[in-house]
Amino acid sequence: MPTAILADDERLMRDQLRLRLSEVWPELEIVAEAKNGAEAVELTAQHRPDVAFLDIRMPAMTGIEAASAIATIEGKLPQIVFVTAYDQYAVEAFEKGAVDYVLKPAQSERLAATTLRVKARLATAAPDLNALISQLKATIGASLGVSSQASDDSSKPAPLRYIQATIGQQLRMIPVDEVLFFTSDEKYTRVQTPSVEALIRKPIKELLDELDGEKFWQIHRSSIVNVARIAGVVNDERGHKIISMQGHPEKLEVSRSYLHLFKQM
């Protein structure tokens, strides 16, 4: 039975990839999961899997740095599949570099094509990871910013990209870019998109630490808004700033502590 490890700092992405792999490659056994690149290297040395699925951006060590370290392990080496959330330009670069990749969130059709290539490689020769890493860096290092300095900011986890929420009886993964705003009470945080309202058990403060601070602003102790989805900001009769959001009628008030964010308005 072929074996694999999954490495991604987002648990939701690991869960999603595990599910998709069970659909397209049911005989594959996931023997371990890593939350960062350093763990991926340790787990590879421990379990000697046939395949390692490595996220590109991870704390402690990037996916590419982890693959470089894995190449130094004596004995059996795994096939490497990089997992990426980068845009089409970067994906084209991956293809030019002849590197297997999976674009987040993993889609069954694309993952099935990847598994066919991996199976073919497993049936032939062991991978030359040093050559693969050198080719990857030469081909896409500049476009993805994965140079020798990549580890300088790798200690900071990548911003949250998906929200796992229960809507009725269904578990949904909501892309954060689709979220208009988050509001919370003592127990729950409400996730609001133009078409979906969901509740999650995550406090605003914890959520704020995981979001991209350039895209999401806290405007109140209980509210965070997607800056790109702001339709307008006006002063009400009390002189308070009120935000309206695209595609939703609800108005959100900016508290005094966050007025500086809108000083130009």
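Attention in this report is confined to the structure presented alongside it.

Rules of the game
- Residues numbered from 1 in each chain as written.
- Predicted model: local features only at pLDDT ≥ 70, side-chain atom pairs only at ≥ 80, totals over all residues.
- Heavy atoms only, no water.
- Helix = DSSP H or I, 4+ residues; strand = E, 2+ residues; numbered from the N terminus.
- Buried < 20%, exposed > 50% of the residue type's maximum accessible area, 1.4 Å probe, protein only.
- Contact = heavy atoms within 4.5 Å.
- Areas by Shrake-Rupley, 256 points an atom, 1.4 Å probe, with all protein chains shown as cover.
- Phe/Tyr/Trp six-rings, centres within 6.5 Å; stacked < 30°, edge-to-face > 60°.
- Pairing = 2+ DSSP bridges.
- Salt bridge = Lys/Arg side-chain N within 4 Å of Asp/Glu carboxyl O.
- Axes fitted to C-alpha atoms, helices over the stretch in contact; angles between N-to-C directions.
- Core = buried A, V, L, I, M, F, W, Y, C linked by side-chain atoms within 4.5 Å.

1. Here's the deal with the overall build of the chain
Along the backbone of the chain there are seven helices and 15 strands. Scored against the burial criterion, the 265 residues of the chain give a buried share of 46%. Excluding contacts between residues fewer than 6 apart, the proportion of contacts in the chain whose partners are at least 24 apart in sequence is 57%. When the accessible surface of the chain is totalled, it reaches about 13700 Å², and 50% of it is carbon and sulfur.

2. So, the packing of aromatic side chains
Evaluated as defined, the whole model comprises two aromatic pairs. Ring centres of Phe 182 and Phe 216 lie 6.0 Å apart, and the angle between their planes is 50°; on these two criteria the pair is classed as tilted. With a gap of 34 residues between them, Phe 182 in strand β8 (residues 181–184) and Phe 216 in strand β11 (residues 216–220) connect regions that are remote in the sequence. Phe 216 matches Phe 182 in its accessibility class, with the two residues each being buried. Each ring, one from Trp 217 and one from Phe 262, has its centre 5.7 Å from the other, and the planes form 75°; the classification is edge-to-face. Residue Trp 217 is located in strand β11, and its partner Phe 262 is located in the segment after β15 (248–253); the two are separated by 45 residues in the primary sequence.

3. Comments concerning the environment of Lys 202
Inspection of the secondary structure assignment puts Lys 202 in the loop between β10 (197–200) and α7 (204–210). C-alpha separation for the pair Lys 202 and Tyr 188, spaced 14 residues apart in sequence, amounts to 6.5 Å. If we skip the residues at most four places from it in the chain, Lys 202 touches Thr 189, Leu 207 and Glu 210.

4. Things to note about the pairing of strand β12 (residues 223–226)
Burial of β12 is two-sided: the residues Ser 223 and Val 225 facing one way and the residues Ile 224 and Asn 226 facing the other way are all buried. As defined by bridge partners, β11 adjoins β12 across four bridges and the pair is classed as antiparallel. The partner of Gln 218 across the bridge, within β12, is Ile 224. Between β11 and β12, which follow one another and run antiparallel, lie two residues.

5. Topic: the pattern of salt bridges
This model, assessed by the stated rule, comprises 15 salt bridges. The closest approach of N and O atoms between Arg 161 and Glu 10, which form a salt bridge, is 3.4 Å. You can see Arg 161 sitting in the loop between α6 (129–144) and β6 (162–167) and its partner Glu 10 sitting in the loop between β1 (3–7) and α1 (11–24), a full 151 residues away along the chain. For Arg 161, a relative accessible area of 22% corresponds to the partly exposed category. Residue Glu 10 is classed as buried on the basis of its relative accessible area of 7%.

6. Side note on the sheet that holds strand β4 (residues 79–84)
Two orientations exist for strands paired in a sheet by backbone hydrogen bonds: parallel and antiparallel. The five strands are arranged β2-β1-β3-β4-β5 in an open sheet whose pairing can be described as parallel. Each edge of the sheet is formed by a strand with only one pairing partner; in this case those strands are β2 (29–34) and β5 (101–103). In this sheet, neighbouring strand axes are inclined to one another by 20° on average, regardless of whether the strands run parallel or antiparallel. Of the strands in this sheet, β1, β2, β3 (51–55) and β4 are in contact with α1, which crosses β2 at around 170°.

7. Some details on the nonpolar core
Among the nonpolar cores identified, the biggest contains 19 residues, and Ala 7, Ala 40, Leu 54, Ile 70, Ile 80 and Phe 82 are the most heavily contacted of them. The set of elements that each furnish at least two residues to this core consists of β1, β2, α2 (37–47), β3, α3 (63–70) and β4. No other element matches α3, which puts four residues into this core. Ignoring anything within four residues of it in the chain, the contact list for Ala 7 reads Ala 34, Ala 40, Phe 53, Leu 54, Asp 55 and Met 58.

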